[in-house]
Number of protein chains: 4
Amino acid sequence: MPTRRTDLAMEAFENTDGGGIPGARVSRWESGGIEITEVVIAEAEASRMLGKPKGNYLTLESPLLRERDPDIRLAIAALLAEEIARMLPDPSPEAPNAPVLVVGLGNRAITPDSLGPAVVDRTLATRHMLGRIGPTQMRSVCAIAPGVLGITGIESLELVEAVSRAVGPRAILCVDSLAARDAMRIGSTIQLTDTGIQPGAGVGNHRRALTEESVGAPVVSVGMPTVVYAATLARDAFAWLARQNGEEDPPGEALADMERSLLRADIGEMIVTPREIDAIVQDASGIIASGINRALQPSLSDAEIAAMMN
Amino acid sequence: MPTRRTDLAMEAFENTDGGGIPGARVSRWESGGIEITEVVIAEAEASRMLGKPKGNYLTLESPLLRERDPDIRLAIAALLAEEIARMLPDPSPEAPNAPVLVVGLGNRAITPDSLGPAVVDRTLATRHMLGRIGPTQMRSVCAIAPGVLGITGIESLELVEAVSRAVGPRAILCVDSLAARDAMRIGSTIQLTDTGIQPGAGVGNHRRALTEESVGAPVVSVGMPTVVYAATLARDAFAWLARQNGEEDPPGEALADMERSLLRADIGEMIVTPREIDAIVQDASGIIASGINRALQPSLSDAEIAAMMN
Amino acid sequence: MPTRRTDLAMEAFENTDGGGIPGARVSRWESGGIEITEVVIAEAEASRMLGKPKGNYLTLESPLLRERDPDIRLAIAALLAEEIARMLPDPSPEAPNAPVLVVGLGNRAITPDSLGPAVVDRTLATRHMLGRIGPTQMRSVCAIAPGVLGITGIESLELVEAVSRAVGPRAILCVDSLAARDAMRIGSTIQLTDTGIQPGAGVGNHRRALTEESVGAPVVSVGMPTVVYAATLARDAFAWLARQNGEEDPPGEALADMERSLLRADIGEMIVTPREIDAIVQDASGIIASGINRALQPSLSDAEIAAMMN
Amino acid sequence: MPTRRTDLAMEAFENTDGGGIPGARVSRWESGGIEITEVVIAEAEASRMLGKPKGNYLTLESPLLRERDPDIRLAIAALLAEEIARMLPDPSPEAPNAPVLVVGLGNRAITPDSLGPAVVDRTLATRHMLGRIGPTQMRSVCAIAPGVLGITGIESLELVEAVSRAVGPRAILCVDSLAARDAMRIGSTIQLTDTGIQPGAGVGNHRRALTEESVGAPVVSVGMPTVVYAATLARDAFAWLARQNGEEDPPGEALADMERSLLRADIGEMIVTPREIDAIVQDASGIIASGINRALQPSLSDAEIAAMMN
């Protein structure tokens with residue numbers, strides 16, 4: 001299981017052959033050309049079997065996203081805005097100005113890991129101007145891209161904790177690049193979860209957790225697959241071939257041999273990604289930022305948000 | 001005085017016609033082709049008159065610096081390393097691994113404000129690898145460029161305070177782009193102080209202070225002028241002309257008229273800078289980073305530092 | 001005259017106190033909030049007196065441009081598209097697919113010199129896809145930013161000549177950063193000319209000419225001031241002061257003294273620019289590219305152009 | 001064969017099981033820790049069988065290269081300098097100042113395709129200063145990175161031809177990112193050839209050829225693998241598995257099925273690359289540029305080259 005590495009809960013579920021896992025539930029529906037899958041992992045045993053923490057996972061998926069279809073982009077941004085707003089707690093009367101802290105995880109210098117910083121670049125941060133300029137119904141937002149070159153010696157999530165202590169957020173909204181199992185999901189799928197960030201997740205392989213327990217505020221995450229691990233790809237190709245040969249699955253020792261061989265060749269940790277990944281990340285960052293800006297500023301129009309972005 | 005804006009204590013002193021200010025002291029000497037000026041501001045009254053906080057200011061100056069003379073570069077880096085080491089407290093037995101936190105102030109996207117981030121890029125950060133890899137006599141250093149984090153909604157110095165609380169530094173070493181009064185000092189002068197950062201200082205005009213009082217650790221600053229404010233230049237040209245006309249100083253109302261005129265034309269906040277400022281900043285960042293790396297790692301050779309930088 | 005350096009013909013005219021110069025003509029009118037000035041230099045003597053080559057110069061000016069007023073941006077882009085289309089020759093029946101070669105002069109690494117490359121980034125180039133994809137009524141356009149880091153040892157205009165020989169353009173459309181005399185024109189004025197590029201013009205100070213004579217195709221130029229030379233600013237401040245003192249103009253030897261002093265201090269070649277110049281250039285590049293794309297693709301809608309840009 | 005895509009002649013040879021191919025010859029030796037392989041393809045039939053043009057191919061290989069071993073870096077740079085010098089023609093008495101045109105192929109915005117532009121950034125270009133400044137024994141060099149010029153509508157090699165006509169080079173030295181078959185060669189192998197660039201070669205998949213026939217000057221190429229194509233990896237994993245099953249090779253229809261499946265999933269054109277590819281490219285560009293600078297300036301010391309680089 002660990003080498004069939006995926007950050008998408010829907011794919012973890014697929015690994016189990018879709019069958020009934022007690023304590024987990026999958027629903028699928030379609031809306032405006034977008035395929036939506038909801039995975040709810042309710043029990044610890046299901047969490048263990050799927051290798052994913054308990055919580056809710058929502059994926060929005062459309063092959064047209066990767067083709068930059070303008071209608072599907074608008075539809076995804078609108079749906080994302082709705083779902084983010086639903087997952088986030090409302091401002092509380094005691095701390096009406098507690099900001100939402102948007103965190104763009106990942107490293108800008110590594111393209112398939114740069115989705116988070118790219119989204120932060122396009123997020124409307126308002127915390128520094130509240131009460132000074134801008135519409136009065138504006139809500140407090142601050143944004144940080146902790147892994148951007150310029151910090152060294154401090155882990156990204158350690159920095160997020162430090163900033164969180166300083167600004168006392170109402171919620172944290174993380175954006176991260178993900179690894180998928182199926183290469184077709186690169187650039188075509190967005191996942192939204194309320195489970196926080198786990199060690200080892202994301203393309204950047206975070207070493208710490210970032211959860212409500214660790215930071216004292218709900219943590220919602222948005223991600224998009226940008227890579228498949230080479231080991232995953234090889235293993236799947238392998239299994240596929242075995243099935244062609246009439247076997248149910250490749251024999252265990254063959255798989256073990258192959259993995260040793262991949263590791264020896266340093267391929268295991270290599271990533272598989274489309275050549276046009278730069279354009280895919282730029283495009284997706286616009287859609288995700290649009291969804292975030294709408295969700296965080298329910299009283300502002302798109303035009304008002306755009307005007308304040310510069 | 002405020003429009004004769006300079007971040008160099010030696011220039012603030014020049015404004016007073018060099019005469020004796022009670023509670024302040026200037027010394028000048030020369031070493032290996034480098035002109036060194038030390039300003040000590042000991043009394044509150046002198047601090048008020050000079051518009052600079054109490055403390056020690058050391059400037060290293062050579063016109064050859066701007067011409068990229070290789071010998072003077074090595075000499076400046078060596079002298080800077082010595083003086084930084086002298087200003088920083090030694091590691092204490094109680095917290096032998098408390099890091100020095102290097103802070104590169106400024107905005108990478110604005111060339112004359114990008115010295116700090118450029119130096120951080122070349123600073124050897126070790127905190128994350130202490131005890132794991134590297135020579136055992138390595139000291140703990142972390143580095144942060146808060147204005148290039150893709151951070152918005154959080155002021156740079158607010159972030160530095162948050163990080164400082166998280167890592168408990170033995171000292172903070174800030175690097176910043178400065179404004180000079182005399183354009184000849186752009187790229188040719190490095191100032192080292194133990195006074196912390198004051199509101200309004202630097203090319204980026206920090207809105208908060210960063211001092212031992214605010215962060216609980218000594219704050220040492222290194223800076224180099226990259227700009228002259230247009231208002232400063234115009235005012236000085238003005239005064240110069242008045243002197244040519246045999247007047248001691250331009251009449252007050254003429255100066256006031258000129259400033260109104262400059263502000264109306266939006267010139268007051270404009271910056272004057274050499275066209276080759278990109279190259280000047282790149283070059284200076286290498287020298288300053290070399291001085292910092294040597295000062296912070298007294299047991300490592302230049303070659304060891306270079307080998308660990310990648 | 002040479003130190004009152006300006007690339008704007010309208011400012012060269014102002015230097016002459018607006019009076020009648022035989023062989024030159026200035027007209028001014030207003031349209032939709034945009035102030036338009038047309039300078040026609042018809043005679044060699046007028047060209048010599050104004051320090052500008054013979055030809056037509058059109059400036060579009062609005063202080064709202066710098067404030068990023070969305071309405072004025074649209075109005076300027078529309079007017080610019082019209083005027084560029086009027087200056088360019090139509091496709092000829094003999095060479096219906098001869099491209100327009102858009103040339104973004106300047107150096108991307110020097111912000112006030114980066115307008116040209118920024119416009120090229122947003123120009124719709126079609127030459128490589130004609131007949132393969134896209135609407136059939138699409139016209140051939142190619143675009144080049146010759147001074148972008150990546151070329152050394154070859155002058156920008158030498159490269160433009162080489163490319164011009166290779167692609168046989170119907171016309172060349174240059175975009176360049178300009179120097180103004182009046183700082184208020186930075187970011188608020190766009191100049192359009194049919195005179196080609198002259199040695200010494202632009203912020204990058206081209207060493208060669210680029211004219212119909214040198215490349216065999218009409219050369220139209222679009223530019224926006226991004227800097228004032230420090231020497232120009234000082235000289236104007238000087239003259240202004242002299243007038244305050246009731247003198248017609250500062251005495252010649254005082255001016256000469258001042259210039260010697262500025263040169264000694266290396267200030268002469270320094271530039272004066274707003275701190276927000278990065279944002280000004282980004283913003284203006286969007287407006288200018290929009291005007292260019294519309295002018296070069298008269299049969300495509302804005303939406304079609306936008307869809308093909310990615 | 002075409003899907004077992006490799007730009008390394010030594011790997012094309014491996015595909016043939018190393019056996020004797022008439023008209024081709026492989027030699028291997030070791031020097032200072034570097035494994036050197038020379039492939040000479042002398043006959044058209046061998047060229048067809050190996051899918052590589054006739055000519056000489058030299059690969060320098062060391063696993064230590066990827067680990068950034070400082071000694072091996074120096075050794076590789078020295079060896080590369082020697083071999084480049086040997087492949088290039090000497091300056092001729094008739095055109096003593098004909099430059100070597102260094103061409104950095106590839107796109108800076110796509111990391112695994114950015115080796116060429118990165119090397120050009122570090123190449124000492126001298127053509128514009130010959131006779132004006134610098135040591136008199138300096139040779140003429142110009143450098144161009146055609147894919148980062150902000151050029152659109154003009155193919156890279158079309159631009160190289162245009163520049164070549166303009167500067168009349170003594171030789172062209174291309175640098176490009178390559179695709180390998182074996183992932184272990186990414187970042188550890190440098191190939192030097194005298195065959196020019198072929199259509200379809202390189203990570204950027206050039207559409208034209210660049211050869212002595214097309215440009216009238218010898219074309220020498222230096223490249224380093226930065227990717228393996230996903231289809232190559234899958235196919236090799238496949239063959240490996242077949243061998244595990246005791247088959248000589250996977251059955252043809254199974255391979256065909258797999259390829260159809262990969263193409264359907266858009267995986268065929270995907271690239272496999274290490275996550276640290278940014279650092280690998282930066283590092284290799286320094287080594288290759290050092291080799292080039294030494295080869296092109298045989299009378300300058302390393303220190304003189306470094307001093308002139310800024």
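For the structure itself, consult the block above.
Residues numbered from 1 in each chain as written. Chains lettered and ligands numbered in written order. Predicted model: local features only at pLDDT ≥ 70, side-chain atom pairs only at ≥ 80, totals over all residues. Heavy atoms only, no water.

Further remarks concern the pairing of strand 4 (residues 100–104) of chain B. Residue and element names in this part refer to chain B. With 5 of 5 residues buried, strand 4 is to be regarded as a mostly interior element. Here strand 4 shows no split at all, with V100, V102 and G104 on one side and L101 and V103 on the other all buried. Here strand 4 pairs with strand 5 (residues 141–144) via 4 bridges, running parallel. Counterpart to V102 in the pairing with strand 5 is A143. (Buried < 20%, exposed > 50% of the residue type's maximum accessible area, 1.4 Å probe, protein only. Helix = DSSP H or I, 4+ residues; strand = E, 2+ residues; numbered from the N terminus. Pairing = 2+ DSSP bridges.)

Inspection of the secondary structure puts A307(B) in helix 11 (residues 302–309). Separated by 254 residues in the primary sequence, A307(B) and P53(B) place their C-alpha atoms 39 Å from one another.

This part takes up the pattern of salt bridges. The final tally for this structure, using the stated rule, is 45 salt bridges over all chains. Put simply, D7(B) and R5(B) hold a salt bridge, and the shortest N to O gap is 3.4 Å. Judged by its relative accessible area of 8%, D7(B) falls in the buried class. What makes R5(B) buried here is its relative accessible area of 18%. A salt bridge links R185(B) to E61(B), with the nearest nitrogen and oxygen atoms 2.8 Å apart. Here the residue R185(B) occupies a position in the loop between strand 6 (171–180) and strand 7 (189–193), and E61(B) occupies one in strand 3 (residues 55–61), the gap between them amounting to 124 residues. For the pair formed by R185(B) and E61(B), the shared burial category is buried. Salt bridges sharing common partners tie together E11(A), E61(A) and R185(A). (Salt bridge = Lys/Arg side-chain N within 4 Å of Asp/Glu carboxyl O.)

Closest axis-to-axis distance for the helix 6 (residues 156–167) of chain C/helix 6 (residues 156–167) of chain D pair is 9 Å, and the angle between their directions is 115°. Seen along the crossing, helix 6 of chain C lies across helix 6 of chain D with a hand that is right-handed. Contact with helix 6 of chain C, carried on its side by E158(C), L159(C), A162(C), V163(C), R165(C), A166(C) and V167(C), involves E158(D), L159(D), A162(D), V163(D), R165(D), A166(D) and V167(D) of helix 6 of chain D and no other residues of that element. Counted by class, the contact of helix 6 of chain C with helix 6 of chain D contains 10 nonpolar, no polar and 4 charged residues. (Axes fitted to C-alpha atoms, helices over the stretch in contact; angles between N-to-C directions. Left-handed = near helix turned anticlockwise from the far one by under 90°. Contact = heavy atoms within 4.5 Å. Nonpolar A, V, L, I, M, F, W, Y, C, P; charged D, E, K, R; others polar.)

The next point concerns the side chain of S114(C). All names here are of chain C. Mapped onto the fold, S114 is located in the loop between strand 4 (100–104) and helix 5 (115–121). Looking at S114, the relative accessible area reads 9%, which means it is buried. In contact with S114, other than residues within four places in its own chain, are N107, R108, S177 and V281.

All names here are of chain D. Across 8 bridges, the pairing between strand 1 (residues 24–31) and strand 2 (residues 34–41) is antiparallel. Considered in strand 2, the bridge of V26 is made with V39. Here strand 1 hands over to strand 2 after 2 residues, with G32 in that stretch at a positive phi of 55°.

Next up on the list: the side chain of T111(D). As for its position among the elements, T111(D) is in the loop between strand 4 (100–104) and helix 5 (115–121). Relative accessible area serves as the criterion here: at 11%, T111(D) is assigned to the buried category. Setting aside chain neighbours within four positions, we find T111(D) in contact with T111(A), I277(D), D278(D) and V281(D).

All names here are of chain B. Secondary-structure assignment places L173 in strand 6. On the basis of relative accessibility, which here comes to 0%, the residue L173 falls in the buried class. When the C-alpha atoms of L173 and T232 are compared, they prove to be 28 Å apart, with 59 residues separating the residues in sequence. The contacts of L173, once residues within four sequence positions are left out, are I84, V100, L101, V102, V103, V220, V222 and I292.

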